[in-house]
Every structure is written in C-alpha cells, then in structure tokens.
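One letter stands for each residue in the lines below.
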Amino acid sequence: MVKAGNRSGRPRAGEERLSREAILTAALRIVDDEGIDALTMRRLAAILEVNPMSLYHHLPNKAAVLAGLAELVFAGLEYPDPGDAVPWDEQLKDAARAYRNALRAHPNLALQVLSDTSAVSDVVVVTMEPFYRALDRAGLSPRQIFESANTLIDFIHGFSLGEASVRADTFELAPDLLTRVEGLPAGKAPILTRIVQELGPEGLAYDFDSGFESGLSTVTAGIGATVRRR
C-alpha cells in the first residue's frame with residue numbers, strides 16, 4: 001500500500017519535519033500577509049511542501065488551525081504576578097496594552113478572533129487572568145470584577161476593530177468633519193460646531209496610540225470610582 005507523500009511510499013521532505021508548531025507558524029504567515037480567506041488546508045500544505053492529508057494528523061480542520069493561531073498569538077499574554085509593588089490600576093492598564101498589542105500585531109487575525117469567539121475559547125483563561133488579578137487586587141466583588149473586565153475587553157475589541165480597518169497610526173478625521181460641520185444649517189448642533197471649529201485641523205488629528213490611552217484612562221477611572229464607593 002502506497003502511503004501519502006509520493007509514489008515510492010516515502011514521506012516528502014517536508015513531512016519528516018512537520019509539526020503542529022510548524023503548521024501554525026506557516027498559517028500565521030499566510031494570514032498576516034494575505035488575510036483569513038487566503039488560508040486553506042491545501043494552500044498551507046503547498047507552502048509546507050507536504051501532502052494535504054498530512055496536516056490532518058496535527059490539526060483536523062481549518063477551524064482548529066484558527067484556534068491554534070489564537071493560542072499562538074495570545075499565549076504570550078500570561079506573565080508573572082507583579083504583586084502589590086505595582087498599583088492595581090497600572091496592572092490593569094498594562095494588561096489592556098498587552099492585549100491590544102497582540103491584536104494589533106496580527107490585524108487580519110484580530111478581525112477573525114473578534115468575530116468568532118470560539119477561536120479563542122481555549123486561551124480565554126490566559127488572556128483574562130491579568131485583568132481579573134488586577135481587579136481582584138482593587139477589592140471589587142466577583143460580580144464587579146466580571147462586569148469591569150468585560151467592559152474593558154469590549155472597549156479594546158471595539159477599538160481594535162476600528163484600528164484594524166484603517167491600518168495606519170493616524171486617522172485623518174479633520175477634513176471631512178470640518179466640511180460637514182461647516183455645511184450644517186445655522187443653529188444646528190451649535191456645541192458640536194463650536195468645539196470642532198475651535199479645535200481646527202490640528203486639534204482634530206487622531207492618533208490611535210493617544211486615543212487608546214485616553215479611552216483606557218477613562219474606563220479605568222470609572223472602575224476606580226466603583227472601587228472608592230465600596
């Protein structure tokens with residue numbers, strides 16, 4: 001009986017070194033360079049120079065590959081507990097920055113992960129532990145920890161989706177917004193008009209890094225208010 005590989009029955013050169021890690025590394029390269037739609041088991045096999053059937057011994061289908069990619073990207077978010085030397089709110093911000101950076105490093109994968117929660121089901125404990133740890137250190141109740149963590153993650157997800165769709169460090173909001181405001185009927189949205197005109201093109205320039213830090217500070221301050229009320 002001839003085995004998968006070639007007519008001689010011997011495995012191809014690529015199959016001799018095939019591993020789950022090698023498959024996921026190649027898959028991540030495809031997704032980063034060309035997007036999720038370009039990732040197929042046949043394309044993956046071609047890049048690895050193996051018979052497509054060889055992949056199924058390590059990962060049974062494309063869904064398993066995507067879940068593995070999420071694991072590959074997010075596993076690095078697990079890091080040692082910094083202890084009480086770092087204030088809880090700084091720990092929370094550090095966790096949020098690390099999570100955002102993981103999504104930003106692989107924007108094509110980020111869009112898939114954020115639209116398919118099953119893709120990260122196996123790594124959710126790893127990704128959420130630093131958030132829960134910081135909020136627990138703040139002294140919140142279990143329910144407050146759960147809700148606060150979800151609120152912060154929702155903020156990061158929403159921000160990351162917008163950032164991934166633009167694929168740039170800045171977003172040119174000013175020209176269009178100024179034009180629209182100037183075209184409004186007199187007396188329509190007077191406060192908005194005044195603020196936009198006072199800020200001008202330079203003040204309306206949007207930088208994703210500063211925008212993220214501003215939003216993160218706002219969310220963290222809200223959680224801090226909950227902590228103070230306890």
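Residues numbered from 1 in each chain as written. Predicted model: local features only at pLDDT ≥ 70, side-chain atom pairs only at ≥ 80, totals over all residues. Heavy atoms only, no water.

Undergrad: Sorry, what's going on with the packing of aromatic side chains here?
TA: Any pair of aromatic rings gets described here by the distance separating the centres and the angle formed by the planes. Per the stated rule, a full pass over the model turns up seven aromatic pairs. Judged by centre distance (6.1 Å) and plane angle (85 degrees), the ring pair of Y99 and F131 falls under edge-to-face. Here the residue Y99 occupies a position in helix α6 (residues 88–105), and F131 occupies one in helix α8 (residues 124–138), the gap between them amounting to 32 residues. The buried category is assigned to F131, whose relative accessible area is 1%. When the centroid spacing of 6.0 Å and the interplanar angle of 50 degrees are considered together, the rings of F155 and F159 count as tilted. (Phe/Tyr/Trp six-rings, centres within 6.5 Å; stacked < 30°, edge-to-face > 60°. Helix = DSSP H or I, 4+ residues; strand = E, 2+ residues; numbered from the N terminus. Buried < 20%, exposed > 50% of the residue type's maximum accessible area, 1.4 Å probe, protein only.)

Undergrad: Can you help me understand the pattern of salt bridges in this one?
TA: In total, this model carries 14 salt bridges according to the counting rule given. For R20, the salt bridge is made with E71, and the minimal N-O distance between the two is 3.3 Å. Taken together, the residues R20 in helix α2 (residues 20–34) and E71 in helix α5 (residues 62–74) connect sequence positions 51 residues apart. A residue is classified by how much of its surface remains accessible, and E71, at 33% relative accessible area, is partly exposed. The salt bridge partner of D94 is R97, with a shortest N-O separation of 3.0 Å. You can see D94 and its partner R97 sitting in helix α6, three residues apart, about one turn around the helix. Overall, the relative accessible area of 38% leaves D94 in the partly exposed class. Here R97 falls in the partly exposed class, since its relative accessible area comes to 25%. By sharing partners, the salt bridges in this structure join D81, D84, R133 and R137 into a single network. (Salt bridge = Lys/Arg side-chain N within 4 Å of Asp/Glu carboxyl O.)

Undergrad: Would you mind showing me how to read helix α9 (residues 142–166) here?
TA: Along an α-helix, a turn takes 3.6 residues, which lines up residues three or four apart on a common side. Taking 1.5 Å of rise per residue, 25 residues should cover 36 Å, and α9 covers 37 Å from first to last C-alpha, within 8% of that figure. Inspection of α9 places I145, S148, A149, L152, I153, I156, F159, S160, E163 and A164 among the buried residues, and these make up the whole buried set. (Expected span 1.5 Å × (residues − 1).)

Undergrad: Would you take a moment to explain the packing of α9 against helix α12 (residues 208–229) for this structure?
TA: Helix-helix packing: each pair is described by the crossing angle between the helix axes and the interaxial distance. For the pair α9 and α12, interaxial distance at closest approach is 11 Å and the crossing angle is 170 degrees. Our classification of the angle between α9 and α12 gives roughly antiparallel. Mapping the contact onto sequence places Q144, S148, L152, F155, I156, F159, G162, E163 and V166 in α9 and F208, G211, F212, G215, L216, V219, I223 and T226 in α12. Split by residue class, the contact of α9 with α12 holds 10 nonpolar, six polar and one charged. (Axes fitted to C-alpha atoms, helices over the stretch in contact; angles between N-to-C directions. Parallel < 35°, antiparallel > 145°, perpendicular 65-115°, else oblique. Contact = heavy atoms within 4.5 Å. Nonpolar A, V, L, I, M, F, W, Y, C, P; charged D, E, K, R; others polar.)

Undergrad: Whenever I open this one, the nonpolar core confuses me. Can you help?
TA: For soluble globular proteins, the rule of thumb is that nonpolar side chains tend to be buried together. Ranked by internal contacts, the top residues of the largest apolar core, which has 52 residues, are L39, L44, L55, L69, F131 and I156. Those elements that provide at least two residues to this core are α2, α3 (41–48), α5, α6, α7 (107–115), α8, α9 and α12. Residues in contact with L39, not counting those within four places in the same chain, are A27, I30, V31, L44, K62, V65, L66 and L69. (Core = buried A, V, L, I, M, F, W, Y, C linked by side-chain atoms within 4.5 Å.)

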